[in-house]
Amino acid sequence: MANLKEIRNRITSVQSTMQITSAMKMVSAAKLKKAQDAITAMRPYAEKLTELLQNLSATIEGDLGGSFTEQREVKKVLIVAITSNRGLCGAFNANVIKQVRALEESYKGKEVTIYTIGKKSGDAFRKTNTLAGENTAIFDQLTFENAATIAQDLMDKFAAGEFDKIELVYNQFKNAATQIIKIEQFLPLASGTSAQASTADYIFEPTKEEIVLTLIPKSLKTQLYKAIRDSFAAEHGARMTAMHKATDNATALRNQLKLTYNKARQAAITNEILEIVGGAEALKG
């Protein structure tokens with residue numbers, strides 16, 4: 001059994017860890033509320049914009065979308081891996097990295113390139129894969145304008161023929177305890193079906209063609225912004241849950257150490273009493 005000083009040092013260390021994890025949990029909880037409100041408010045707009053674009057494209061003859069709707073033979077694939085800049089959020093980043101690896105394997109025989117958003121994905125793929133780009137600054141100031149810059153870069157690469165397909169891999173926020181790994185096709189754009197078009201009833205001003213040409217870049221930029229926003233909210237949810245579990249585990253360990261300390265202290269006191277009684281008996285003899 002460890003001596004009393006060692007146990008006291010361990011108790012102090014565990015209590016310090018508890019204070020850190022508890023503080024991180026509260027910080028993530030505060031940030032989560034703001035991030036959750038942002039993605040919850042944005043989702044209906046992003047989904048309706050995508051639905052409108054698909055309905056319009058289904059009613060227009062010809063290839064109005066240009067290169068963004070061009071279906072090519074898939075030879076070169078770009079996977080956009082969206083993770084966080086920091087760790088201590090459970091399996092949040094590991095799940096994205098694992099999914100990207102699996103997706104990369106499914107494109108075996110094709111040229112696969114990775115574009116990383118977030119420091120953790122950059123660290124994971126930099127040594128093993130060809131990177132088309134890295135971005136870690138987006139989470140410092142998460143705005144539509146900054147996300148649109150990344151989206152425009154991806155759109156330019158696709159339009160230039162550098163890639164035949166671009167897919168997004170990220171954590172979708174469901175609640176604080178649950179994140180869902182999502183794989184979304186970014187480019188080429190998926191067009192709607194005639195059935196979708198028949199259910200839509202719009203009055204167009206200006207023409208449908210002009211509206212589609214305006215909506216395509218906006219829709220793509222909104223899609224990427226929504227994915228990053230989703231990942232950002234999911235990150236804080238995952239970190240809050242991970243720190244909550246870490247605090248609970250540290251509390252249980254501290255209580256166990258205190259029990260061990262009390263037992264060791266009691267044993268030490270008992271030994272001292274036995275030594276005193278033994279010495280007294282020896283003096284009598």
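Above this note sits the structure.
Residues numbered from 1 in each chain as written. Predicted model: local features only at pLDDT ≥ 70, side-chain atom pairs only at ≥ 80, totals over all residues. Heavy atoms only, no water.

Details of the overall build of the chain
Operational definition: The helix and strand labels rest on DSSP assignments: H or I over at least four residues marks a helix, E over at least two residues marks a strand, and numbering proceeds from the N terminus. What the globule rule says is 2.2 Å times the number of residues to the power 0.38, and the radius of gyration is computed from C-alpha atoms. Between two residues, a contact is recorded if the distance between any of their heavy atoms is within 4.5 Å. Using the Shrake-Rupley algorithm and a 1.4 Å probe, accessible areas are obtained, with residue cover drawn only from the displayed protein chains. Two residue types count as positive, namely Lys and Arg, and two as negative, namely Asp and Glu; His and chain ends fall outside the count. Lysine's charge is taken at NZ, arginine's at CZ, aspartate's at CG and glutamate's at CD.
Per the secondary structure count, the chain includes six helices and five strands. Starting at the N terminus, the α and β elements of the chain follow one another as α-β-α-β-α-β-α-β-β-α-α. Against the 2.2 N^0.38 benchmark of 19 Å for 285 residues, the chain shows a C-alpha radius of gyration of 29 Å, more extended than a compact globule. Taken along its principal axes, the extent of the C-alpha atoms in the chain is 115 × 40 × 30 Å. When contacts within the chain are restricted to residue pairs at least 6 apart in sequence, those whose partners lie at least 24 apart make up 79%. For the chain, the accessible area works out to roughly 15,600 Å², and carbon and sulfur atoms hold 54% of it. In the chain, 37 positive and 31 negative side-chain charges are present, and the distance between their average locations comes to 11 Å.

A few points about the pairing of strand S2 (residues 111-117)
Basically, it comes down to this: Relative accessible area decides the class of each residue, using a 1.4 Å probe on protein chains only: under 20% of the type maximum gives buried, over 50% gives exposed, and in between gives partly exposed. Note: two strands are recorded as paired if DSSP finds a minimum of 2 bridges between them. For a crossover, the right-handed case is the one in which the path from the first strand over the helix to the second runs clockwise, viewed with the strands pointing away from the viewer.
With respect to burial, S2 is a largely interior element, six of its seven residues being buried. Pairing geometry for strand S1 (residues 76-82) and S2, over seven bridges, is parallel. Across the sheet, the residue bridging to Ile-82 is Ile-117, located in S2. Following the backbone out of S1, through helix H2 (residues 92-106) and into the adjacent parallel S2, one traces a crossover that is right-handed.

What to know about helix H4 (residues 144-159)
Short version of the rule: By this rule, a helix spans an expected 1.5 Å times one less than how many residues it contains.
Taking 1.5 Å per residue as the helical rise, H4 with its 16 residues ought to reach 22 Å, and the 22 Å between its terminal C-alpha atoms agrees with that figure. Along H4, the positions that sit buried rather than exposed are Ala-147, Ala-148, Ile-150, Ala-151, Leu-154, Met-155, Lys-157 and Phe-158. A positive backbone phi angle near 85° is found at Gly-161, which sits one or two residues after H4.

Thoughts on unusual backbone geometry
The omega angle of the peptide bond from Leu-187 to Pro-188 is 0°, so this bond is cis rather than trans. In this structure, Pro-188 sits in the loop between strand S5 (178-187) and helix H5 (194-199). Despite not being glycine, Leu-88 shows a phi value in the positive range, around 55°. Relative to the elements of secondary structure, Leu-88 occurs in the loop between S1 and H2.

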